[in-house]
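Here is how the chains run, residue by residue.
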Amino acid sequence: LYLRKRKDIKKIARAHLDYHILGCSLGAVQNDLAKKLTRADILAAKSFSVRDDFSYKRAKKITNNAQHIMNFPDILFSEKTIKKAVKEKAETIGITVYKTSGAKHENQLFIDRTVAFIDEYLKDDNTKKVKLYCFDAHEENDMFIALLIKNKVRQTNKVIIVPYLGDINSFESELKNIDGLI
């Protein structure tokens, strides 16, 4: 699989097209081969962005501080964004849920901040709902994080978990039935 991907990257380079990796999350890269392959992917990209501090530090370390690596933290780590979203008073909002491998502290921080956001959002309004979208129900197991979040919020009956299980039409339908996505 990796060799096929490397061929695709070479085709992109020969066609003089830019190759970008955006919103990536790096797990704990354990062995030397995995580090080399990850390093090659990052360095092949014209721009490379991650969504958490753990991934940013890991990418910088394995590429010897490559300059094209950027960190755009998950939206739920921004207090100002959370407060603005609460004020907008959308009827049903969606939140993308993810689990970062090898970063237990950041997963817990994500869970705690998401629960606090949902509790604040649903407070004093019986019509609002929150949908937790899980794009990876297999390897990273975003479902696990979504269940932890749902079980910690005060009004669990207003929180719906929407996993992507291979049916793109059903998943897209669920995405259309919200007023905003975080």
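Residues numbered from 1 in each chain as written. Predicted model: local features only at pLDDT ≥ 70, side-chain atom pairs only at ≥ 80, totals over all residues. Heavy atoms only, no water.

### Concerning the packing of helix α5 (residues 104–122) against helix α6 (residues 142–152)
This is how it is decided: Here, axes are lines fitted to C-alpha atoms. For helices the fit covers the stretch in contact, and angles between N-to-C directions go from 0 to 180 degrees. In DSSP terms, a helix is any run of H or I states spanning at least four residues, a strand is any run of E spanning at least two, and both are numbered starting from the N terminus. Orientation is classified from the angle alone, with under 35 degrees giving roughly parallel, over 145 giving roughly antiparallel, 65 to 115 giving roughly perpendicular, and any other angle giving oblique. In a left-handed crossing the near helix is turned counterclockwise from the far helix by less than a right angle, and in a right-handed crossing that turn is clockwise. Residues count as neighbours in contact if any of their non-hydrogen atoms are within 4.5 Å of one another.
The interhelical angle for the contact between α5 and α6, taken along N-to-C directions, is 40 degrees, at an axis separation of 9 Å. Accordingly, the angle class assigned to the pair α5 and α6 is oblique. Considering only the axes of α5 and α6, their crossing is right-handed. Contacts between α5 and α6 involve N107, Q108, F110, I111, D112, T114, V115, I118 and D119 on the former and, on the latter, I145, L148, I149 and K152.

### Brief notes about the pattern of salt bridges
Where side chains of opposite charge bring their charged atoms close, a pairing between them can arise. Using the following cut-off: The term salt bridge refers to a pairing of a side-chain nitrogen on Lys or Arg with a carboxyl oxygen on Asp or Glu at a separation within 4 Å. For every residue, the accessible area (1.4 Å probe, protein chains only) is compared with the maximum for its type, and the residue is labelled buried under 20%, exposed over 50%, or partly exposed between those bounds.
Scanning all chains against the criterion turns up two salt bridges. Here K123 ties to E120 by a salt bridge, and the two come within 3.3 Å at their closest N and O atoms. The exposure class of E120 is partly exposed, given its relative accessible area of 37%. The closest approach of N and O atoms between K131 and E174, which form a salt bridge, is 2.8 Å. Taken together, the positions of K131 in strand β5 (residues 129–134) and E174 in helix α7 (residues 168–176) put the pair 43 residues apart, joining distant regions of the chain.

### Some words on the nonpolar core
If you look at soluble globular proteins, the nonpolar side chains tend to sit buried side by side. What counts, and what does not: Nine residue types can take part in a nonpolar core, namely buried Ala, Val, Leu, Ile, Met, Phe, Trp, Tyr and Cys, and a core is a set of them joined through side-chain atoms within 4.5 Å.
Of all hydrophobic cores here, the largest spans 21 residues; its most connected members are I95, I118, V130, L132 and I149. Elements that contribute at least two residues to this core include exactly β4 (92–97), α5, β5, α6 and β6 (159–163). Element by element, the count of residues in this core is highest for α5, at seven residues. If you look at the next biggest cluster of nonpolar residues, it comprises 12 residues, including I42, V50, I62 and I69.

### Points about the confidence of the model for the protein
Which entries qualify depends on this criterion: A residue's pLDDT is simply how confident the predictor is in it, with values from 0 to 100.
Residues with a pLDDT of 70 or more make up 77% of the protein, whose mean pLDDT is 79. Of all the helices and strands in the protein, helix α4 (residues 79–88) carries the lowest mean pLDDT, 54, while β6 carries the highest, 94.

### Side note on the sheet that holds strand β3 (residues 69–71)
Heads up, the condition is: Strands pair, by our definition, only if DSSP identifies at least two bridges between them.
The parallel open sheet is built from three strands, whose spatial order is β1-β2-β3. Every interior strand has two partners, whereas the edge strands, β1 (20–24) and β3, have only one. The sheet shows a mean angle of 15 degrees between the axes of neighbouring strands, direction not considered. In this sheet, strand β2 (residues 47–50) lies alongside β1 in parallel orientation, the contact comprising three bridges. Along β2, the bridge assignment pairs H20 with S47.

### So, the packing of aromatic side chains
In plain terms, the rule: Each aromatic pair joins two rings of Phe, Tyr and Trp (for Trp, the six-membered one) with centres within 6.5 Å, and gets the label stacked for planes under 30 degrees apart, edge-to-face for over 60, and tilted for any other angle. Whether a charge sits over a ring comes down to the Lys NZ or Arg CZ being within 6 Å of the ring centre and within 35 degrees of the ring normal.
Here the structure, examined in full by the defined rule, presents two aromatic pairs. Seen from their ring centres, Y98 and F110 are 4.8 Å apart, and the 40 degrees between their planes marks the pair as tilted. Taken together, the positions of Y98 in the loop between β4 and α5 and F110 in helix α5 put the pair 12 residues apart, joining distant regions of the chain. No difference in accessibility class separates Y98 from F110, as the two residues are buried. Stacked on the ring of Y121, the Lys or Arg K128 has its end atom at 4.3 Å from the ring centre.

### Comments concerning the pairing of β5
Looking along a regular strand, one sees the side chains alternate between the two faces of the sheet. For β5, the buried fraction is high: five of the six residues fall into the buried class. Where β4 and β5 come together, six bridges link them in parallel fashion. Note on β5: the bridge partner recorded for I93 is V130. Relative to β6, β5 runs parallel, the two sharing five bridges. Pairing of K131 across the sheet is with I160, part of β6.

### Looking at the side chain of T114
Applicable threshold: Polar contacts, as counted here, are pairs of nitrogen or oxygen atoms within 3.5 Å of one another; within protein the pair requires one atom able to donate a hydrogen and one able to accept it, and residues that are adjacent in sequence qualify only if both atoms are side-chain atoms.
Along the chain, T114 turns up in helix α5. When its relative accessible area of 0% is taken as the criterion, T114 is described as buried. In this structure the side chain of T114 is engaged in a polar contact, spanning 2.6 Å, whose partner is the backbone oxygen of F110.

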